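Here is what each chain is made of, one letter per residue.
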Amino acid sequence: MVTILKEVVITGPRQFEVRQAPVPKPGDGEVLIQMKAAGVCGSDFHLFLGENPNAVYPRIPGHENAGVVVEVGRNVTSVRPGDAVVVDLVVACGHCPQCLSGRRNICRTVKARGAAIDGGWREYFAVPEHEVYVLPKGISYREAALIEPFAIGGHCTGRAGIQGGESVLVLGSGTIGAVILQTLKQKGCRVICADINESSLKRAKEYGADSVVNTKVHNLRECVQKFTNGAGVDVIFDSACYPGSLTAVLEQGIPANGATIVPLGFCTEPEGITQAMINARELSIIGTRMSSGQFEPTIRNFAQGKFQLDGMVSHYIPFDQVDQVFENMLHPVKDMKKMVIVFGEQE
């Protein structure tokens, strides 16, 4: 087995290096993973571009990680060498009230892999056994790199209390918007998707959106009113997350009375929201962060072919050409959707 690995390190805003380091040995209760595929998330963009106010450099990015177990430490019982796995992005204490209630994603000391601690943009890394999930046969590593984003879809729709039959607005049809759309359609919702990118809206239609609206061309409120026969939507997911987007979706006529609104971003700009805007219609604004308890059901859904994965990724980039990932961050190519880094030979 090799003893030296390559790793990508973001050293500061718009700066990165490819370094060499020793391949770690898995400790007690840990497994050593050889990386096979890693998704590139919007949070990786923010880290590299210096747009994350909480970023601490240097940092190895990457939280959408899929690979193969090559070695296990002492007392590991649930996985073995040769197992294909995905890695949880949540690193939690396991014993605070939030963890004990099943909400590891908001642990009192939670750390997100690839942001607060080093992530998976490296050829090997060791993680605790309980933070990996074994993949069944039939899921490729390239597909597995999408499991974490779809786990977010499962989590945020759960936070919204989706039961099926609701009318839903998804603002933003990028990766997470497309994931939420597919999750909602699996749960039996009627969905209208809004974006300013025609190719993203075209993809949304292919993924089952009942209606789409280009907000550069059409008025969102008017389109929602038409979609709902004047009632407004029952649930709104704000996956666009631009300054002012949360205020925008609260416009009279967009949410129905009693609607639930789920913002997915971490924009720090103040919003123009008043108590009257919420209480006059008894709206519920529900927070969501990462996911908890969603990896296993998401893996089952992948194994059963319940999601359309074609078109989710526009660029597969070999690890030895990782500089192209950063070039695409600085200068996005037309209609770029999502990048996935692939390591070595793919099975």
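Refer to the preceding data block for the structure.
Participant: Help me understand the sheet that holds strand S12 (residues 211-214), please; the structure alone is not making it clear to me.
Facilitator: Strand pairing within a sheet occurs via backbone hydrogen bonds; the two strands may be parallel or antiparallel. As summarised here, the arrangement of the 6 strands in space is S12-S11-S10-S13-S14-S15, forming an open sheet in which the pairing is parallel. The outermost strands of the open sheet, each flanked by one partner alone, are S12 and strand S15 (284-285). Both strand S13 (residues 233-238) and strand S14 (residues 255-263) contribute to a ladder of 5 bridges, which runs parallel. Along S14, the bridge assignment pairs Asp238 with Pro263. Against the sheet, helix H7 (residues 220-227) makes contact with strand S10 (167-171), strand S11 (190-195), S12 and S13, and its axis sits at roughly 165° relative to S11, the strand it touches most.

Participant: Help me understand the nonpolar core in this model?
Facilitator: One broad rule of soluble globular proteins: the nonpolar side chains tend to lie buried together. Core analysis: the biggest nonpolar cluster contains 44 residues, and Val86, Leu184 and Phe237 have the highest contact counts within it. Per-element accounting of this core gives the leading share, 5 residues, to helix H5 (residues 175-186).

Participant: What exactly am I supposed to notice about the pattern of salt bridges here?
Facilitator: Charged atoms that come close allow side chains of opposite charge to pair. Counted according to the given criterion, the structure contains 9 salt bridges. Note that Arg104 is salt-bridged to Asp88, the shortest N-O span being 3.2 Å. Of this pair, Arg104 sits in the loop between helix H2 (97-100) and strand S7 (111-112) while Asp88 sits in the loop between strand S5 (84-87) and strand S6 (90-91), and the two are 16 residues apart along the sequence. With a relative accessible area of 4%, Asp88 lands in the buried category. Among the ionic pairs, Glu206 bridges to Lys202, the shortest N-O distance being 2.7 Å. Taken together, the residues span about one helical turn, with Glu206 and Lys202 both in helix H6 (residues 198-206) at a distance of 4 residues.

Participant: Looking at this structure, how should I read the state of the cysteines?
Facilitator: One way to say it: the disulfide is the covalent bond shared by the sulfur atoms of two cysteines. Here the structure, examined in full by the defined rule, presents 0 disulfides. Of all cysteine sulfurs in the structure, the one in Cys189 sits closest to Cys193, which takes part in no disulfide; the separation is 11 Å. Cys241 carries a free sulfur, and the closest cysteine sulfur to it, the one in Cys267, is 8.3 Å from it.

What counts and how
Residues numbered from 1 in each chain as written. Predicted model: local features only at pLDDT ≥ 70, side-chain atom pairs only at ≥ 80, totals over all residues. Heavy atoms only, no water. Pairing = 2+ DSSP bridges. Helix = DSSP H or I, 4+ residues; strand = E, 2+ residues; numbered from the N terminus. Contact = heavy atoms within 4.5 Å. Axes fitted to C-alpha atoms, helices over the stretch in contact; angles between N-to-C directions. Core = buried A, V, L, I, M, F, W, Y, C linked by side-chain atoms within 4.5 Å. Buried < 20%, exposed > 50% of the residue type's maximum accessible area, 1.4 Å probe, protein only. Salt bridge = Lys/Arg side-chain N within 4 Å of Asp/Glu carboxyl O. Disulfide = S-S within 2.5 Å.

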